[in-house]
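Reading the structure
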Amino acid sequence: MLVVDGLRKEYGQFTAVDGVSFQLKPGDIMGFIGSNGAGKTTTIKMLATLLEPTLGRATLNDVPLTEGLIDARKLIGYMPDFFGLYEDIRVWEYLELFASIYGVPKTERPGVIDEVLELTDLGFKKDAFAKSLSRGMQQRLCLARCLVHDPDLLLLDEPASGLDPRARAELKELVAELGRMGKIVIVSSHILPELADFCNVVGIIERGQLLAFGSVEEIISGIEQRRMIEVKVLERANEASMFLHGKEGVVSTFLMGASTLKVEFEGSMESQAQLLAEMIQGGFLITEFRVDAADLEDLFMKVTTGALN
Amino acid sequence: MQAIRSFFGHFFGNAHSVKDFRIQMRGNKALILWSLYLVLLVLFAMFTYGGVASQMRAGMSAAEMQSRLQSFYNTLMYLLQTAIILIAPVLASASIVADDERGSIDLVLMAPKSSTYYFAGLVMSGMRQLIFLLALSIPVASLGVIMGGATWTDVLRSFTIFLFQGLFYMCLGVPVAVSSRKMVPTVIGSYVAIAVGSGILALMNAIMSPAMLSGMMGGPTTSTPTMPLFSVLTPYWHIIVNAPMTAVTPTFLIPTWAATILMSTLGVAICMLGSASQMSRAGSPAVIATRIVGLIISLLIGLLTSQMFSTIFGIGGASGTSAGTSFMITTALSGFMLSGFIMLIIVANVVPYAFRDGEKYFPNGMFSVKDALKGKPAGGMTYALFAFACLFGPSGYYLFRGMFVSTYTALEAFAVMFWFLCAAFLYFGIFRFTSPWNGSVKSARRIGVLFIVGLNVGAGMLLAMVDLAFKTPGTLSIINPMHPFAETPEGVIAKGIVLAIVGGILVNRSEERRIKHPLMKIKGRETA
């Protein structure tokens with residue numbers, strides 16, 4: 001379990017991160033969203049023990065990440081938004097360096113290196129020079145480096161930036177697999193569609209403040225009391241519109257055609273289910289009943305607009 | 001056992017060193033570079049030997065010929081020393097900057113190893129290069145032995161000294177690289193660090209030389225030529241003196257190569273721990289170790305100064321005779337000046353704080369004994385006092401044993417020590433004063449140093465100008481409180497009191513500012 005409690009970081013007069021708090025459980029993949037300079041990298045660097053927070057605390061499985069660093073670092077894998085690869089070093093040598101400094105016993109290193117190379121699909125490049133790899137492969141090599149010591153928490157800062165669509169898809173699949181392996185993964189990005197597919201939790205940060213945290217649905221229901229429900233009926237759309245007037249939670253209805261109407265709804269999920277039940281009981285033949293889902297981009301814009309204003 | 005294994009693991013089988021070795025040995029680069037070096041060395045030896053041989057003539061005495069051959073050997077040693085001075089400082093420091101520029105430094109520093117492990121790896125890689133450099137010069141050095149200019153023992157001693165001096169010079173560049181993180185300032189800064197370090201050592205040599213020459217260090221009074229303890233780290237000094245022994249005390253001599261290993265090890269320890277300390281948080285093992293080693297080195301310098309006192313004042317089993325009062329006071333002051341300079345460096349490093357540089361530098365009070373080794377600002381004054389005790393304590397012990405040449409000298413020495421304590425307090429006040437007005441520790445430190453330099457130079461110049469205007473040469477300059485020279489010991493004590501009062505005012509003013517600072521009110525800091 002990762003518990004982040006009131007992390008704050010100041011640089012001179014500037015507060016880069018201001019009281020960020022959240023919790024993640026094993027298997028959670030958190031999309032950490034924010035525009036450039038919002039405080040994503042600073043937060044991640046504090047969790048990676050590279051920056052000392054001005055205030056606040058974080059623990060991973062009860063091990064503090066903000067003090068007693070040697071123990072904490074064994075539990076963390078950090079992939080920054082750059083590769084930091086050495087010249088003239090082979091893939092296996094690069095991984096062996098990190099396996100060694102992370103304390104993997106010498107006899108176990110060859111096996112561990114083979115395993116992480118297989119997981120990242122780089123086994124066939126074991127003897128290649130790291131610098132000669134394509135950008136996508138270098139990215140996967142960096143991920144392999146993070147995995148040599150089998151960490152519980154993976155911090156991936158802008159992992160997909162600069163990757164081609166195929167490399168992005170492969171990376172997404174890899175991150176999802178890590179989540180299935182029970183690791184806590186925090187993926188930061190300002191490119192929202194790349195996160196939507198595999199993150200079960202989202203944190204939205206702007207100007208150093210965590211404006212929203214939770215699943216996309218939770219955040220929507222948290223920030224948006226009114227939602228738009230699209231209802232399709234086989235017939236009698238006009239009558240259905242009249243029927244819905246005055247029902248609990250219905251603010252207004254809009255007729256969108258012969259068989260479609262949109263309902264502006266304000267209420268709990270129970271009220272929403274009740275509304276559907278009443279329509280069925282009212283004898284309307286409903287073919288579709290769905291909430292217009294906001295995508296991650298809409299959500300980000302909605303959450304951050306208030307903060308920016 | 002675990003601790004011993006961990007210590008040796010830093011130096012042998014270090015992952016960074018192994019990685020560097022693989023990279024260095026890859027391809028033909030290393031082979032070409034070292035072959036080129038060997039060719040240049042052989043050419044140099046041929047030309048030098050040709051020059052020496054051309055001066056030899058028939059009928060030359062064996063002693064004269066021996067001297068010529070020795071000059072050939074010494075020229076080679078000068079060349080090697082120069083090569084080490086030029087190469088060593090940038091070996092580790094350039095690697096640190098390169099790692100920083102490529103971003104790999106963050107990746108290795110967040111591994112569950114101390115920063116000293118990383119520095120040790122780089123230093124071991126650099127050491128390997130130095131060993132190559134010296135090993136390749138063995139064929140040329142052997143020429144000196146075969147021709148009769150030196151013995152194999154000389155070669156072995158010189159190479160050991162070069163290797164450990166090189167190690168020390170290499171480590172001098174490490175803190176520079178950690179602070180600047182840019183290649184050009186690092187390279188320049190590393191050479192400047194060597195120049196300044198050599199300057200300080202040369203000053204110490206100058207201080208010790210009168211004692212040596214007058215037979216107080218046990219040197220010329222014995223059959224074996226000696227050199228002072230700290231001289232072993234001074235470049236070229238060992239070649240000039242060609243002394244096989246080093247004087248630790250007037251009666252205790254150790255081989256120069258052993259003294260070099262000892263002093264280099266201390267120098268390397270303080271450089272590496274200091275660099276690791278810069279990158280570590282308050283209370284980390286690196287910070288605590290740095291502070292302990294700092295005190296050990298202060299004590300060593302203090303003992304060195306006291307060694308002068310013991311010999312000069314004719315107490316503590318000195319072999320020499322007492323010299324005149326003025327000579328004693330001058331030498332004592334020189335020794336104290338050096339200790340005072342070290343004191344200033346320590347105060348500048350441990351006292352400044354900043355509200356926004358993280359918890360390590362956040363002001364957590366004025367005086368705390370338990371924070372002295374942890375590195376928190378509240379421990380700054382306590383640590384400075386410990387350092388003062390180490391630097392001046394041993395001399396004080398000798399001085400107050402009551403075995404002085406005259407009472408006047410004792411009072412004079414006490415006055416000077418008192419002045420230095422007050423000056424240290426003034427420096428403390430200046431750095432505390434510059435801290436709350438600055439955003440970072442670095443800028444507080446820089447402004448504090450500028451303030452001190454300005455005060456020293458400014459006060460001297462102002463009083464000298466007044467002297468000049470009123471045609472009273474030196475009359476007013478003598479009242480300048482920024483130096484411990486006065487007509488009487490009471491005058492020196494009065495100057496010290498002035499400095500202490502100014503320091504007290506600055507401390508008081510800065511404390512008012514600190515307590516009222518808005519960041520002291522944030523949750524979690526109210527008790528600070």
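Reading guide: rules and limits
Residues numbered from 1 in each chain as written. Chains lettered and ligands numbered in written order. Predicted model: local features only at pLDDT ≥ 70, side-chain atom pairs only at ≥ 80, totals over all residues. Heavy atoms only, no water. Helix = DSSP H or I, 4+ residues; strand = E, 2+ residues; numbered from the N terminus. Buried < 20%, exposed > 50% of the residue type's maximum accessible area, 1.4 Å probe, protein only. Contact = heavy atoms within 4.5 Å. Areas by Shrake-Rupley, 256 points an atom, 1.4 Å probe, with all protein chains shown as cover. pLDDT = per-residue confidence, 0-100. Disulfide = S-S within 2.5 Å. Pairing = 2+ DSSP bridges. Salt bridge = Lys/Arg side-chain N within 4 Å of Asp/Glu carboxyl O. Buried area = accessible area lost by both parts, 1.4 Å probe. Polar contact = N/O pair within 3.5 Å; in protein donor to acceptor, adjacent residues only side chain to side chain. Nonpolar A, V, L, I, M, F, W, Y, C, P; charged D, E, K, R; others polar. Axes fitted to C-alpha atoms, helices over the stretch in contact; angles between N-to-C directions.

1. Some thoughts on the overall build of chain A
Within chain A, the regular secondary structure consists of 11 helices and 14 strands. Here chain A, with 309 residues, has 52% of them falling under the buried criterion. Look at the contacts in chain A between residues 6 or more apart in sequence, and 68% of them connect residues 24 or more apart. In the form shown here, chain A has an accessible surface area of approximately 13,600 Å², with 51% of it arising from carbon and sulfur atoms.

2. Side note on the confidence of the model for chain B
On average, residues of chain B score 80 in pLDDT, and 84% of them are at 70 or above. Every residue in residues 216-221 of chain B scores below 50 in pLDDT, and together they form 21 contacts with partners more than four places removed in sequence or on other chains.

3. Re the state of the cysteines
All told, the structure shown has zero disulfides over all chains when counted by the stated rule. Unpaired in terms of disulfides, B:Cys171 finds its nearest cysteine sulfur in B:Cys271, a separation of 5.9 Å.

4. Description of the pairing of strand β9 (residues 201-206) of chain A
Residues and elements named next belong to chain A. Most of β9 is tucked away, with six of its six residues classed as buried. As defined by bridge partners, strand β3 (residues 29-33) adjoins β9 across four bridges and the pair is classed as parallel. Note on β9: the bridge partner recorded for isoleucine 33 is isoleucine 204. Across five bridges, β9 lies against strand β10 (residues 209-214) in antiparallel orientation. Bridge pairing links isoleucine 205 to leucine 210 in β10. Counting the residues in the hairpin turn of β9 and β10 gives two residues, including arginine 207, whose phi is positive at 50°.

5. Observations concerning the pattern of salt bridges
Under the counting rule described, the total for this entry stands at 25 salt bridges over all chains. With its nearest N and O atoms 2.8 Å apart, the salt bridge here joins A:Arg140 to A:Glu170. Note that A:Arg140 is positioned in helix α5 (residues 135-147) and A:Glu170 in helix α6 (residues 165-180), a separation of 30 residues in sequence. Of the residues examined, A:Arg140 reaches a relative accessible area of 9% and is grouped as buried. Across the salt bridge formed by B:Arg514 and B:Glu511, the nearest N and O atoms sit 2.9 Å from each other. Highlighted residues: B:Arg514 and B:Glu511, both in helix α17 (residues 489-516), separated by three residues, approximately one helical turn. Take B:Arg514: its relative accessible area is 6%, and that puts it in the buried class.

6. Regarding the interface of chain B and chain A
In this assembly, 30 residues from chain B lie in contact with 42 residues from chain A. Counting each side, the surface lost to burial between chain B and chain A is near 3,200 Å², with a carbon and sulfur contribution of 58%. Summed over the three residues of chain B that lose the most area to chain A, namely B:Met110, B:Arg281 and B:Arg356, the buried surface amounts to 26% of that side. In this structure, B:Arg22 and A:Glu96 form a salt bridge, with 2.9 Å as the shortest nitrogen-oxygen distance. For the interface between chain B and chain A, the tally reads seven residue pairs in polar contact (both at pLDDT 80 or more). Class assignment for the residues of the side of chain B that touches chain A results in 12 nonpolar, four polar and 14 charged.

7. Some remarks on the sheet that holds strand β3 (residues 253-255) of chain B
All names here are of chain B. Taken in spatial order, the three strands make up an open sheet running β1-β2-β3, and their pairing is mixed. Edge positions in the open sheet fall to β1 (226-228) and β3, since each of these has one partner strand only. Shown here is a sheet whose adjacent strand axes are inclined to one another by a mean of 40°, direction ignored. Across three bridges, β1 lies against strand β2 (residues 245-247) in parallel orientation. When the bridges of β2 are listed, threonine 226 appears paired with methionine 245.

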